[in-house]
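# A closer look at the structure
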Amino acid sequence: MEHHHEDTQAIINRLSRAIGHLQAVKKMVEDDRDCSEVLIQLAAVKSAINNTGKLILKDHINHCVVHAVETNDSKALEDLNDAIDKFIK
């Protein structure tokens, strides 16, 4: 099944920002910055990744899962449950 969703560009943008932020955190460590500052920035990156994951999950439910329910595709629902378990872990 093709995976084109309306939020794709927003997800790509969020991931690009998170990657840039994480690279900045790496530079902080290389520059021997204060550990508490690094931890705060890591928390911000983690939050950005989690929020991106939530957006992907909502997008998946609104498109793939709705389609799976309409076509009685129980495998897609099992896959969703597995993905949620791994994401929340």
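Let us look at the structure shown here. (Residues numbered from 1 in each chain as written. Predicted model: local features only at pLDDT ≥ 70, side-chain atom pairs only at ≥ 80, totals over all residues. Heavy atoms only, no water.)

## Here we look at the environment of Asn13
- Position of Asn13 relative to the elements: it lies in helix 1 (residues 8–30).
- C-alpha separation for the pair Asn13 and Thr52, spaced 39 residues apart in sequence, amounts to 9.7 Å. (Helix = DSSP H or I, 4+ residues; strand = E, 2+ residues; numbered from the N terminus.)

## Side note on the layout of surface pockets
- One number sums up the size of the largest pocket: a volume of about 180 Å³.
- Together, Gly53, Ile56, Leu57, His60, Asp79, Leu80, Ala83, Ile84 and Phe87 line the largest pocket.
- Put simply, the parts of the chain that give the lining of the largest pocket at least two residues each are helix 2 (35–70) and helix 3 (74–88).
- Of all the elements, helix 3 adds the most residues to the lining of the largest pocket, at 5 residues. (1 Å grid on protein atoms, 1.4 Å probe; cavity = no way out; pocket = protein on both sides within 12 Å on 5 of 7 lines; lining within 4 Å. Points joined across faces, edges and corners; volume = space filled by probe spheres on them.)

## Observations regarding helix 1
- With 23 residues, helix 1 should cover 33 Å at 1.5 Å per step; its first-to-last C-alpha distance of 33 Å lies within 8% of that length.
- Listing the buried residues of helix 1 in full gives Ile11, Ala18, Val25 and Met28.
- In this fold, the buried residues of helix 1 make contact with helix 2.
- Asp32 lies just past helix 1 and shows a positive phi near 60°. (Expected span 1.5 Å × (residues − 1). Buried < 20%, exposed > 50% of the residue type's maximum accessible area, 1.4 Å probe, protein only. Contact = heavy atoms within 4.5 Å.)

## Quick look at the pattern of salt bridges
- Inspection of the entire model under this criterion finds 4 salt bridges.
- With a closest N to O distance of 3.0 Å, Lys27 and Asp31 form a salt bridge.
- Residue classification places Lys27 among the partly exposed positions, given a relative accessible area of 44%.
- Assessed through its relative accessible area of 44%, Asp31 is described here as partly exposed. (Salt bridge = Lys/Arg side-chain N within 4 Å of Asp/Glu carboxyl O.)

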